[in-house]
Amino acid sequence: MRILIVGGSGFLGHELMRQSAAEGHVVAATYLTRPGTAAGVEWVRLDIRDRTAVLDLIGAFRPDAVVNAAYGQSDWVTTAVGAAHVAIATSGNGGRLVHVSSDAVFSGKAITYAEDRVPDPVTPYGAAKAAAEVAVQAISPTAVIARTSLIIGDGGSPHEDLVHALASGGMHGMLFTDDVRCPVHVRDLAAALLELATSDRAGIHHVAGADAVSRYELGCLVAQRDGIDPARLPYGRRADTDLPGPLDVRLDCGLTQRHLRTRLRGAREFVR
């Protein structure tokens, strides 16, 4: 297959490229500021806010599948409008789209969320992600929208870097004991996304880990794995701060897992 990874220079994008190339696919990846270092990949600079550039790139590469892993935490145009540009270009060239979304589309009021739950975001980023989902579904009804949670690896993810910085005193802050998510290993997530890309599935899918853990518990697991004393990690309750955003959001992945060969492990299993 010809696979295009939009946002290939990110943490998830790098793993998507690695697995795609290992499976023998022809892989191209986009970046905004600097290309990645993966060998055997065609790197292309792309600003997905530029509709013409997106149309030109996808029209020239003609991918069988596109995985859109690009986002901008504080950039509505990149996250929402850019997703629409990718969906329009992919659909217009007959490709299959897997759009990566987030548990940020939920408020946390219901705590556990199945795929059919209506988004109720409480942050600008969550609202942009929810808008992107609507656009993708309207433009390309056969696309997969894969909501995920905190992405963890064997080092190198933003949360793992945060744990090290807090433990060393290189960063001020804390890990919250009441901020709960379902972390997923980047290898499991990438494998599931590529599996969905080659399937006939469509619509909303939840692709997150099997365990619901707080950011503090996850931090302790990472610290223990990396030989750091968890007692060095500062902690507190997010509810005692004025930080916006949901507290406890747990994606119910049971339905999606039944259709996947890839097993979505929980953090208590994969952080070792």
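Refer to the preceding data block for the structure.
In what follows, the accompanying structure is described. (Residues numbered from 1 in each chain as written. Predicted model: local features only at pLDDT ≥ 70, side-chain atom pairs only at ≥ 80, totals over all residues. Heavy atoms only, no water.)

### What about the sheet that holds strand 5 (residues 96–102)?
So, step 1. Taken in spatial order, the seven strands make up an open sheet running 3-2-1-4-5-7-12, and their pairing is parallel. Every other strand in the sheet has two partners, leaving strand 3 (42–45) and strand 12 (203–206) as the edge strands with one partner each. Put simply, the sheet's adjacent strands are angled 20° from each other on average, direction ignored.
So, step 2. Two strands pair when backbone bridges link them, and strand 1 (residues 2–6) and strand 4 (residues 65–68) are joined in this way by four bridges, in the parallel orientation. Bridge pairing in strand 4 links valine 6 to asparagine 68.
So, step 3. Each of strand 1, strand 2 (26–31) and strand 3 touches helix 2 (residues 51–61); the most contacted strand, strand 1, lies at about 160° to it. (Pairing = 2+ DSSP bridges. Helix = DSSP H or I, 4+ residues; strand = E, 2+ residues; numbered from the N terminus. Axes fitted to C-alpha atoms, helices over the stretch in contact; angles between N-to-C directions. Contact = heavy atoms within 4.5 Å.)

### A closer look at a nonpolar patch on the surface
So, step 1. Taken together, the side chains of Trp76, Val77 and Val81 present a nonpolar region at the surface, about 240 Å² in accessible area.
So, step 2. Along the chain, the position of valine 77 falls in helix 3 (residues 76–92). (Patch = residues over 30% accessible without salt bridge, like charges linked within 9 Å, V, L, I, M, F, W, Y side chains within 5 Å. Areas by Shrake-Rupley, 256 points an atom, 1.4 Å probe, with all protein chains shown as cover. Salt bridge = Lys/Arg side-chain N within 4 Å of Asp/Glu carboxyl O.)

### Focus on the side chain of arginine 181
So, step 1. Relative to the helices and strands, arginine 181 is located in strand 10 (residues 180–181).
So, step 2. A polar contact of 3.0 Å, which involves the side chain of arginine 181, links it to the side chain of aspartate 179.
So, step 3. Within the local environment of arginine 181, its side chain forms a polar contact with the backbone oxygen of proline 246, the two atoms lying 3.1 Å apart.
So, step 4. If sequence neighbours within four positions are ignored, arginine 181 has contacts with Asp103, Ser149, Leu150, Asp211, Ala212, Val213, Arg215, Arg238, Pro246, Leu247, Asp248 and Val249. (Polar contact = N/O pair within 3.5 Å; in protein donor to acceptor, adjacent residues only side chain to side chain.)

### Points about the pattern of salt bridges
So, step 1. Counted under the stated rule, the structure contains 18 salt bridges.
So, step 2. The partner of aspartate 179 in a salt bridge is arginine 215, and the shortest N-O contact between them spans 3.2 Å. On the criterion of sequence distance, the pair formed by aspartate 179 in the loop between strand 9 (175–176) and strand 10 and arginine 215 in helix 7 (residues 215–225) is long-range, its members being 36 residues apart.
So, step 3. We classify aspartate 179 as buried; its relative accessible area is 1%.
So, step 4. In this structure, the salt-bridge partner of aspartate 188 is arginine 265, at a minimum N-O distance of 2.9 Å. Here aspartate 188, found in helix 6 (residues 186–197), pairs with arginine 265, found in the loop between helix 8 (254–257) and helix 9 (267–270); they are 77 residues apart in sequence, far enough to count as distant.
So, step 5. If you follow the salt bridges from partner to partner, you end up with Asp103, Asp179, Arg181, Arg215 and Arg238 in one network. (Buried < 20%, exposed > 50% of the residue type's maximum accessible area, 1.4 Å probe, protein only.)

### Considering the nonpolar core
So, step 1. In this structure, Ile5, Leu12, Leu16 and Leu193 are the most contacted members of the largest nonpolar core, which totals 38 residues.
So, step 2. Residue assignment for this core shows that the elements contributing at least two residues are strand 1, helix 1 (11–22), strand 2, strand 4, strand 5, strand 7 (144–148) and helix 6.
So, step 3. With eight residues, helix 6 is the single largest residue contributor to this core.
So, step 4. Sequence-distant contacts of leucine 16, that is, excluding residues within four places in its chain, are made with Ile5, Val67, Ala69, Ala190, Leu193 and Leu194.
So, step 5. Residues Leu46, Val66, Ala87 and Ala89 belong to the second largest nonpolar core, which totals 22 residues. (Core = buried A, V, L, I, M, F, W, Y, C linked by side-chain atoms within 4.5 Å.)

### As for helix 6
So, step 1. The terminal C-alpha atoms of helix 6 lie 16 Å apart, and with twelve residues this matches the ideal 16 Å at 1.5 Å per residue to within 8%.
So, step 2. Among the twelve residues of helix 6, ten are classified as buried, and the element is accordingly described as predominantly covered.
So, step 3. Turning to helix 6, its buried residues are Val186, Asp188, Leu189, Ala190, Ala192, Leu193, Leu194, Glu195, Leu196 and Ala197. (Expected span 1.5 Å × (residues − 1).)

### Some details on the environment of aspartate 103
So, step 1. By secondary structure assignment, the location of aspartate 103 is in the loop between strand 5 and strand 6 (112–113).
So, step 2. Residue classification places aspartate 103 among the buried residues on the basis of a relative accessible area of 8%.
So, step 3. In sequence terms aspartate 103 and glutamine 137 are 34 residues apart; their C-alpha atoms lie 17 Å from each other.
So, step 4. Beyond its immediate stretch of four places on either side in the chain, aspartate 103 contacts Thr148, Ser149, Arg181, Val249 and Leu251.
So, step 5. At a separation of 2.7 Å, a polar atom in the side chain of aspartate 103 contacts the side chain of serine 149.

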